[in-house]
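Given next are the chains, with one letter for each unit.
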Amino acid sequence: LEGYNVDWTKKYKGNSRLVLKPNSTKKVSQILKYCNENLLPVVPQGGNTGLVGGAIPIKDEIILSLSNMNKILEFDTHQSVISCEAGCVLDALNQHLLPYKYEIPLDLGSRGSCQIGGNIATNAGGIRFIKFGPFKSYVLGMEVVLANGEILDLRSKIRKDNTGLDIKQSFIGSEGILGIITQANILVSPLDKFKTVILMQCESFGKVLEISRECKSTPGRHLSALEFFDEHCYKLVQKNLPGVVRPFEFSPELKNFYVLIELCGQEPLDGIIEELYEKLSEKNLTLNMIMSENESQFHSLWRLREGIAEACGRGGIVLKYDVSLGIEKFEDIVQSVRKRHGDYGYSVGYGHIGDSNIHINSICKKPEYKKKMEELLEPYIFEYLASVNGSISAEHGIGSMKPKYLHFSKNNLAIHYMHQLKKVFDPNGILNPNKVLISQ
Ligand code: FAD
Ligand code: MLT
Ligand code: ZN
């Protein structure tokens, strides 16, 4: 059972003695009906790649894994909608869509394991948010099993549907506390014919901000990712991940920053790239730049960015803060965190700068410093975010990590109505107890 009781970061550990893996909606319904009548708590689990402990039992709750519900049901080429069971892995859906030249409008580093049900339950963000916007706008329909076993059929494939309250939106981002998603209808997007990655090195965060502005305006709709990382990340990836490329040397004081952009389009991108290069060099914004010339370079440059989470994990116990705030404050929040924890650890900053979303990973220098680091940084970081009207969770969710800090991003009345909604769908509180909301 270990693989189901421990999360990807190994920070969250449960003690469940029972994992159920139903292969049909009817079985999910029967399981929940039984659990509800017997007041047995249930933790829904998809690919178990979540980073806030949402899919891991807090005690010995029953784990309901969706892994055996992995059938692709249909691809409707007229509506561009794929219908599938919730346990389909994101990558598998894209493989299925490849011959049709379509893709799911969501991409993230965990694509080989995360499931579409988990993506919906977390309203995942990912690296192409800047191109596609929130995943919730592509979830046209779903089937959900409620705590009492009722099967709520919301499987619309229609994009325009203003028929009263859109109940399905309540389940998107609900992290398994309102119901179990068993099927989904996703609006897919045409694959781009041309794609390229450009990695830039620059000497200050001020330059990152300017590059970011330029990249948003010049390539415009051709921009499909706008990411950044600091030099501490770059060094850690070089140190902890064998085989990664090293296009640029480090600065002695680790003061450089990196911006990675992806451009895409149905036509060749040469003109756009040339224009962008000219603008960046006119303003003297970069120290170095490299562009992918083929698919293998495309992936190895992305690996420098996507490998950061893994490289941090190999560096020690990691405290992960996935936050949103004005990008002009990114440098300040990372510096404040570093000052706050001092020698107990070290922190790196990276993420989706195009979406105002930074990931701060604070790595404990020794395992025994974890408690001290947590005491120093929580609620410190969340207070900082509240003071600048940021969000304590940009994309990973609340899970079991942050229910007691939810009030830093949501007011009391909003939290009250979240509890009310929870009571409507799960009056006995059997679904994912003490995740997102502290059980009442
Ligand atoms: P799980 O981890 O299994 O579950 C996540 C939550 O959803 C839990 O609360 C669980 O109870 C609930 N849940 C799962 N399935 C269902 C269901 N069928 N019905 C109801 N509730 C359910 N996230 C981002 O947003 N952006 C990123 O860029 C990103 N990159 C990542 C990179 C790596 C290397 C890793 C390890 C993680 C990354 N994540 C990212 C986090 C994670 O992959 C996403 O949150 C993903 O959507 C979780 O999917 P999952 O199937 O693994 O869900
Ligand atoms: C990422 O953007 O790399 C993911 O959200 C994972 C992480 O934050 O570590
Ligand atoms: Zn992310």
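In what follows, the structure referred to is the one given above.
Attention shifts here to the pairing of strand β16 (residues 345–352). When you tally the buried positions in β16, you get seven out of eight residues, the bulk of the element. Summarising the sheet, strand β12 (residues 223–230) and β16 pair through two bridges and their orientation is antiparallel. The partner of F229 across the bridge, within β16, is Y350. Looking at chain direction, β16 and strand β17 (residues 357–364) are connected through eight bridges and run antiparallel. Note on β17: the bridge partner recorded for H352 is N357. Count of turn residues in the β16/β17 antiparallel hairpin: four residues, of which S356 carries a positive phi of about 60°.

A separate point is the site of ligand 1. In the vicinity of ligand 1, 35 residues are found, and the nearest of them are P44, G46, T49, G50 and S110. Within the side chain of S110, a nitrogen or oxygen atom sits 2.7 Å from an oxygen atom of ligand 1. Contacts to ligand 1 include E395, whose side-chain N or O atom sits 3.0 Å from a nitrogen atom. In isolation ligand 1 exposes 970 Å². Once the protein is present, 95% of that is buried.

Within the open sheet, the three strands sit side by side as β1-β3-β2. Their pairing is parallel. The open sheet has two free edges, formed respectively by β1 (19–20) and β2 (42–45), since each of these has just one partner strand. In this sheet, strand β3 (residues 62–65) lies alongside β2 in parallel orientation, the contact comprising four bridges. In the sheet register, V43 faces β3, and the bridge partner there is I63.

Within the structure, ligand 2 sits among L51, R305, A309, K320, Y350, H352, H359, E395 and H396. K320 has a polar side-chain atom sitting 2.7 Å from an oxygen atom of ligand 2. For ligand 2, an oxygen atom lies 2.7 Å from a polar atom in the side chain of Y350. Against a free-state accessible area of 260 Å², the protein chains account for coverage of 83% of ligand 2. When grouped by side-chain class, the residues that make up the shell around ligand 2 number three nonpolar, three polar and three charged.

On inspection of all chains with the given rule, the structure shows 27 salt bridges. K131 is the salt-bridge partner of D192, the closest N and O atoms lying 2.6 Å from each other. With D192 in the loop between β10 (189–190) and β11 (194–202) and K131 in helix α5 (residues 129–132), this residue pair connects regions lying 61 residues apart in the sequence. Exposure remark for K131: the relative accessible area of 26% places this residue in the partly exposed category. Where E374 meets K370, a salt bridge forms, and the shortest distance between an N and an O atom there is 3.9 Å. Taken as a pair, E374 and K370 lie in helix α13 (residues 370–377) at a separation of four residues, close to a single helical turn. For K370, a relative accessible area of 24% puts it in the partly exposed group.

What follows deals with the side chain of H352. Tracing the backbone shows H352 in strand β16. A polar contact of 2.8 Å, which involves the side chain of H352, links it to the side chain of E227. Apart from the residues within four sequence positions on either side, H352 is in contact with G126, I127, L226, E227, R305, N357, H359 and E395.

Across the sheet, five strands lie side by side as β4-β5-β9-β7-β8; this open sheet has antiparallel pairing. A strand with exactly one partner marks an edge of an open sheet, and here the two such strands are β4 (72–76) and β8 (151–154). This sheet shows a mean twist of 10° between the axes of neighbouring strands, independent of strand direction. By the bridge criterion, four bridges tie β4 to strand β5 (residues 81–85) in an arrangement that is antiparallel. Bridging across to β5, D76 finds its partner in V81. Docked against the sheet, helix α3 (residues 90–97) engages β4 and β5, running at close to 45° with respect to β4.

For the rest of this paragraph, the subject is the packing of helix α12 (residues 330–341) against helix α14 (residues 380–387). Interaxial distance between α12 and α14 falls to 11 Å at its minimum, and their mutual angle equals 150°. Classified by the interaxial angle, the pair formed by α12 and α14 is roughly antiparallel. At the point where α12 passes α14, the crossing takes the right-handed sense. Seen from α12, the contacting residues are D332, I333, S336, V337 and R340; seen from α14, they are Y380, I381, Y384 and L385.

Moving on: helix α10 (residues 295–306). Along its twelve residues, α10 runs 16 Å from first to last C-alpha, staying within 8% of the 16 Å computed at 1.5 Å per residue. Residues F298, L301, W302, L304 and R305 constitute the buried set of α10. Down the axis of α10, the buried set is contained in an arc of 145°. They therefore lie on one face. Exposed side chains of α10 directed beyond 90 degrees from the buried face belong to E295 and S296. Of the residues that open α10, the one with a side-chain oxygen 3.2 Å from the backbone nitrogen of S296 is N294.

Quick notes on the rules
- Residues numbered from 1 in each chain as written.
- Chains lettered and ligands numbered in written order.
- Predicted model: local features only at pLDDT ≥ 70, side-chain atom pairs only at ≥ 80, totals over all residues.
- Heavy atoms only, no water.
- Buried < 20%, exposed > 50% of the residue type's maximum accessible area, 1.4 Å probe, protein only.
- Helix = DSSP H or I, 4+ residues; strand = E, 2+ residues; numbered from the N terminus.
- Pairing = 2+ DSSP bridges.
- Near = heavy atom within 4 Å.
- Polar contact = N/O pair within 3.5 Å; in protein donor to acceptor, adjacent residues only side chain to side chain.
- Areas by Shrake-Rupley, 256 points an atom, 1.4 Å probe, with all protein chains shown as cover.
- Nonpolar A, V, L, I, M, F, W, Y, C, P; charged D, E, K, R; others polar.
- Salt bridge = Lys/Arg side-chain N within 4 Å of Asp/Glu carboxyl O.
- Contact = heavy atoms within 4.5 Å.
- Axes fitted to C-alpha atoms, helices over the stretch in contact; angles between N-to-C directions.
- Parallel < 35°, antiparallel > 145°, perpendicular 65-115°, else oblique.
- Left-handed = near helix turned anticlockwise from the far one by under 90°.
- Expected span 1.5 Å × (residues − 1).
- Arc of directions from axis to C-beta.

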